[in-house]
Amino acid sequence: MTGSESEGAQVRRAVCPGSFDPITNGHLDIIARASRLYDEVYVAVMINKAKKGLFEIEERIELIRHVTAEYGNVRVEAFHGLLVDFCKQRDIPAIVKGLRAVSDFDYELQMAQMNNGLSGVETLFVPTNPTYSFLSSSLVKEVAQWGGDVSHLVPPAVLEALGRRLRQG
C-alpha cells in the first residue's frame, strides 16, 4: 500500500476489558481472536480499589504483556472509572467480550446497552471456546490455593507466578 492509499485508512481498534487476576487461557483465547480481527487490541486491566487482588495491577499488566507479546498488536493498560471513557480517550469504537454461558449474556447485555447509550461504543460478544467454558480467574485461584493442577488453565508464565505468590502466603 502506498502512502496515499494508507492516509485515509482508519485503524480498527477494540478493547478487551477485565480484572485478569490472573489472566487465563480463556482470556488469552478471546484476546488472540480479537487480535486477528482488529489492527490494535487494548487489554484494559480494571483497577477496583474496593477489591484486593491476588496480583497487583503492575504484575497483571506485566504477565499479560508477556503472554500476548507474540501477537504484536496488543497493548496492555490499567484503567479505573468508566470503560467508555477509556474507549473515548483512545478512539476505540468496540468492546470485545467473551461469553461462557447464557448467564454471562444477561449481565453483559445490560452493560453493552449502557455503554452504547453513554457513548455509542459497540460491544461484540465472542462465544468462548468450549474448552474454557467453565473457566474463571476466581476458579483458577481457588483450585490452585488447594493444591490442584491448573497448568492446563493458564499460560506457563502465569502458572509460575501463581505458584510463587501462593508459596509466599
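As shown above, the structure is provided for reference.
Residues numbered from 1 in each chain as written. Predicted model: local features only at pLDDT ≥ 70, side-chain atom pairs only at ≥ 80, totals over all residues. Heavy atoms only, no water.

S.K.: Got a minute to help me understand the sheet that holds strand β2 (residues 40-46) in this structure?
M.R.: Adjacent strands of a sheet pair through backbone hydrogen bonds, lying either parallel or antiparallel. Within the open sheet, the 5 strands sit side by side as β3-β2-β1-β4-β5. Their pairing is parallel. The sheet terminates laterally at β3 (74-79) and β5 (122-127), the two strands that pair on one side only. In this sheet, adjacent strand axes meet at a mean angle of 30 degrees when their direction is disregarded. As paired elements, strand β1 (residues 13-18) and β2 share 6 bridges and run parallel to each other. Note that in β2 the partner of C16 across the bridge is V43. Sheet contacts for helix α5 (residues 102-119): β4 (94-99) and β5; angle to β5, the most-contacted strand, approximately 160 degrees. (Pairing = 2+ DSSP bridges. Helix = DSSP H or I, 4+ residues; strand = E, 2+ residues; numbered from the N terminus. Axes fitted to C-alpha atoms, helices over the stretch in contact; angles between N-to-C directions. Contact = heavy atoms within 4.5 Å.)

S.K.: I keep staring at the pairing of β2 and nothing clicks. Help me out?
M.R.: Successive side chains on a regular strand alternate, one facing one side of the sheet and the next facing the other. Where burial is concerned, most of β2 is hidden: 6 out of the 7 residues are buried. Once the chain exits β1 it traverses helix α2 (residues 25-37) before rejoining the sheet at β2, and the crossover so formed is right-handed. In this sheet, β3 lies alongside β2 in parallel orientation, the contact comprising 6 bridges. The residue of β3 that forms the bridge with M46 is F79. On the question of chirality, the crossover connecting β2 to the parallel β3 by way of helix α3 (residues 57-68) is right-handed. (Buried < 20%, exposed > 50% of the residue type's maximum accessible area, 1.4 Å probe, protein only. Right-handed = clockwise from strand over helix to strand, strands pointing away.)

S.K.: Honestly, the pattern of salt bridges in this entry has me stumped. Any pointers?
M.R.: Any two side chains of opposite charge can pair if their charged atoms end up close together. Per the stated rule, a full pass over the model turns up 14 salt bridges. A salt bridge links R13 to E40, with the nearest nitrogen and oxygen atoms 2.7 Å apart. Here R13 is found in strand β1, whereas its partner E40 is found in strand β2, with 27 residues between them in sequence. When the shortest N-O distance is used, the salt bridge between E108 and K97 registers 3.4 Å. One end of the pair, E108, is in helix α5; the other, K97, is in strand β4, with 11 residues separating them in the sequence. Neither E108 nor K97 differs from the other in exposure class; each is buried. The network of salt bridges with common partners includes R13, E40, R75 and D91. (Salt bridge = Lys/Arg side-chain N within 4 Å of Asp/Glu carboxyl O.)

S.K.: Is there a simple way to think about unusual backbone geometry in this case?
M.R.: One can expect most non-glycine residues to show negative phi and most peptide bonds to be in trans. Residue P22 follows D21 across a cis peptide bond; omega there is 0 degrees. Locating P22 in the fold gives a position in the loop between β1 and α2. For F20, which is not a glycine, the phi torsion comes out positive at approximately 50 degrees. Mapped onto the elements of the fold, F20 is located in the loop between β1 and α2.

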